[in-house]
Amino acid sequence: MNMRQWIAATIAAERKKALPVLSFPAVQLMDITVRDLIGSSDYQARAMRLIAERVNSAASVSFMDLSVEAEAFGSRIVVSDEEVPTVVGSIVGEDSVIEDLAIPSVGAGRTGLYLGAIESVIPQIVDRPVFAGIIGPFSLAGRLMDVTEVMMLCYDEPELVHGVLRKCTDFLVEYARAYKDVGAHGVVMAEPLAGLLSPSLAEEFSSTYVRRIVDAVQDDAFAVIYHNCGGGVVKSIDSIIETGAWGFHFGNAIDMAEVAPLVPADRLVMGNVDPAGEIRNGTPESVRAKTFEILERCAQYPNFIISTGCDIPPMAPWENIEAFFFAVEEFYDEKTTTE
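Nothing here was measured: the structure is a model prediction, and the numbers come from that model. (Residues numbered from 1 in each chain as written. Predicted model: local features only at pLDDT ≥ 70, side-chain atom pairs only at ≥ 80, totals over all residues. Heavy atoms only, no water.)

Peer 1: Provide a residue-level description of the sheet that holds strand E1 (residues 60-61), including the pertinent values.
Peer 2: Ordered in space as E1-E4-E5-E6-E7-E8-E9, the 7 strands form an open sheet in which the pairing is parallel. The sheet terminates laterally at E1 and strand E9 (304-308), the two strands that pair on one side only. Note that strand E4 (residues 130-135) and strand E5 (residues 186-190) share 5 bridges and pair parallel. When the sheet's bridge partners are listed, Ala132 is paired in E5 with Val187. Sheet contacts for helix H1 (residues 3-12): E4, strand E6 (223-228), strand E8 (268-273) and E9; angle to E8, the most-contacted strand, approximately 60 degrees. (Pairing = 2+ DSSP bridges. Helix = DSSP H or I, 4+ residues; strand = E, 2+ residues; numbered from the N terminus. Contact = heavy atoms within 4.5 Å. Axes fitted to C-alpha atoms, helices over the stretch in contact; angles between N-to-C directions.)

In structure tokens form, the structure reads like this:
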């Protein structure tokens, strides 16, 4: 699949398909736990296939599990039956020697399982692109160094942070290449921690390294979608755009109508129905209303694709997920009728 052509065709289409970050709620369809899902490439591939069969999304998006890469580096994670895994503690501090931090091989920890899932599911989902999920460099560094601590170290020990970022970036380049090798059409790179930085720090400690990954892997056959659900997106939009990614996905901490016109017309911009407040805890009626509100304000931009602000929680009711898709269909039905 030529991803440059797919993006151009998506932008040119009058009727847009939704592209939510939807994967973990498959546990409800399969009657398994999140713990089961993250430990099996077979379960993961089946989960992606089941969702692709159930919803008419623009693409299939793998799991936004931001613990995978940190675990491969040696971080400790906490796993539960109903929630996405989290990283606890840190393995790098201000007194650490950067040379002691070993870059793991691709396949270490659960990275091999996630690669295997994508390789298995590619032949099964042939009507839309399949995107794997990876974490962004600064967000990975934050999990290795502790989220709060890394913010302070950007000021107090910037060379230490840069040293960790270089190692994170080297690993993520190889990890993204591995996804490319097994047939993925691209990656959704989650860089939420960068949304907490000032514009200058975001450029120095995030966008510069994201650009290195984009430059290393993005081509006609493989697209990078940049995700940031932080509140600092609008102020940092220039350096975010300069990462060179072909798509940008933003969270509900910002006004989507404010950022949509700032994204170049030849690149996708996606967001941002609240996945927790609406899809997990709302009602079908509130989901419909919020989806319509965002579409009415942003659908005027041809490169805008309605999505969720981040990944949909595992136990989000399927009636709310389906209400989101029904609302998108209803909006474009009404738009076609009006025109």
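Peer 1: Pulling in residues and values, what's your account of a negative patch on the surface?
Peer 2: A cluster of acidic side chains, namely Glu159, Glu203, Glu204, Asp238 and Glu242, defines a negative patch on the protein surface. Tracing the sequence through the fold places Glu242 in the loop between helix H11 (237-241) and strand E7 (247-250). (Patch = residues over 30% accessible without salt bridge, like charges linked within 9 Å, V, L, I, M, F, W, Y side chains within 5 Å. Areas by Shrake-Rupley, 256 points an atom, 1.4 Å probe, with all protein chains shown as cover. Salt bridge = Lys/Arg side-chain N within 4 Å of Asp/Glu carboxyl O. Lys, Arg positive; Asp, Glu negative; His and termini not counted. Charge placed at Lys NZ, Arg CZ, Asp CG, Glu CD.)

Peer 1: Quick rundown of empty space enclosed by the protein? Include the residues and the values.
Peer 2: Under the criterion given, the structure shown has 6 cavities of 30 Å³ or more. The volume enclosed by the largest cavity comes to roughly 80 Å³. As for the largest cavity, its lining consists of Pro20, Leu22, Ser23, Met48, Ile51, Ala52, Val55, Ser57, Ala59, Ser60, Val61 and Phe325. Of all the secondary structure elements, the ones that give two or more residues to the lining of the largest cavity are helix H4 (41-54) and E1. Per-element accounting of the lining of the largest cavity gives the leading share, 3 residues, to H4. Looking at side-chain class alone, the lining of the largest cavity contains 9 nonpolar, 3 polar and no charged residues. (1 Å grid on protein atoms, 1.4 Å probe; cavity = no way out; pocket = protein on both sides within 12 Å on 5 of 7 lines; lining within 4 Å. Points joined across faces, edges and corners; volume = space filled by probe spheres on them. Nonpolar A, V, L, I, M, F, W, Y, C, P; charged D, E, K, R; others polar.)

Peer 1: Please set out the pairing of E7 residue by residue, giving values where relevant.
Peer 2: Of the two faces of E7, the one holding Gly247 and His249 and the one holding Phe248 and Phe250 are both buried throughout. Direction of pairing for E7 relative to E8: parallel, over a ladder of 3 bridges. If you follow Phe248 over to E8, its bridge partner there is Val269. (Buried < 20%, exposed > 50% of the residue type's maximum accessible area, 1.4 Å probe, protein only.)

Peer 1: Could you give an account of the pattern of salt bridges, with specific residues and numbers?
Peer 2: A full pass over the atoms with the stated rule returns 15 salt bridges. Across the salt bridge formed by Arg110 and Glu71, the nearest N and O atoms sit 2.6 Å from each other. Of this pair, Arg110 sits in the loop between strand E3 (86-88) and helix H6 (111-121) while Glu71 sits in helix H5 (residues 68-73), placing them 39 residues apart in sequence. Here Asp127 ties to Arg128 by a salt bridge, and the two come within 3.0 Å at their closest N and O atoms. Through salt bridges with shared partners, one network takes in Arg15, Glu329 and Asp333.

Peer 1: Can you break down the environment of Arg288 residue by residue, with the values?
Peer 2: Relative to the assigned elements, Arg288 resides in helix H14 (residues 284-298). The spatial distance from the C-alpha of Arg288 to the C-alpha of Cys229 is 21 Å, given a sequence separation of 59 residues. What Arg288 contacts, discounting residues up to four positions off in sequence, is Ala327, Glu330 and Glu334. For Arg288, the side chain forms a polar contact with the side chain of Glu330, separated by 2.7 Å. (Polar contact = N/O pair within 3.5 Å; in protein donor to acceptor, adjacent residues only side chain to side chain.)

Peer 1: How would you sum up the nonpolar core? Please name residues and give values.
Peer 2: One finds Phe138, Tyr179 and Phe250 to be the most contacted residues of the largest nonpolar core, which totals 129 residues. With 12 residues, helix H9 (residues 158-181) is the single largest residue contributor to this core. Among all residues touching Tyr179, those that are not within four sequence positions of it are Tyr114, Leu115, Ile118, Ala132, Gly133, Ile134, Ala184, Val187 and Phe222. (Core = buried A, V, L, I, M, F, W, Y, C linked by side-chain atoms within 4.5 Å.)

Peer 1: Residues and numbers for the side chain of Thr10, please.
Peer 2: Structurally, Thr10 can be placed in helix H1. If near-sequence neighbours (up to four positions away) are discounted, Thr10 is found in contact with Lys16, Leu268, Pro302 and Ile305.

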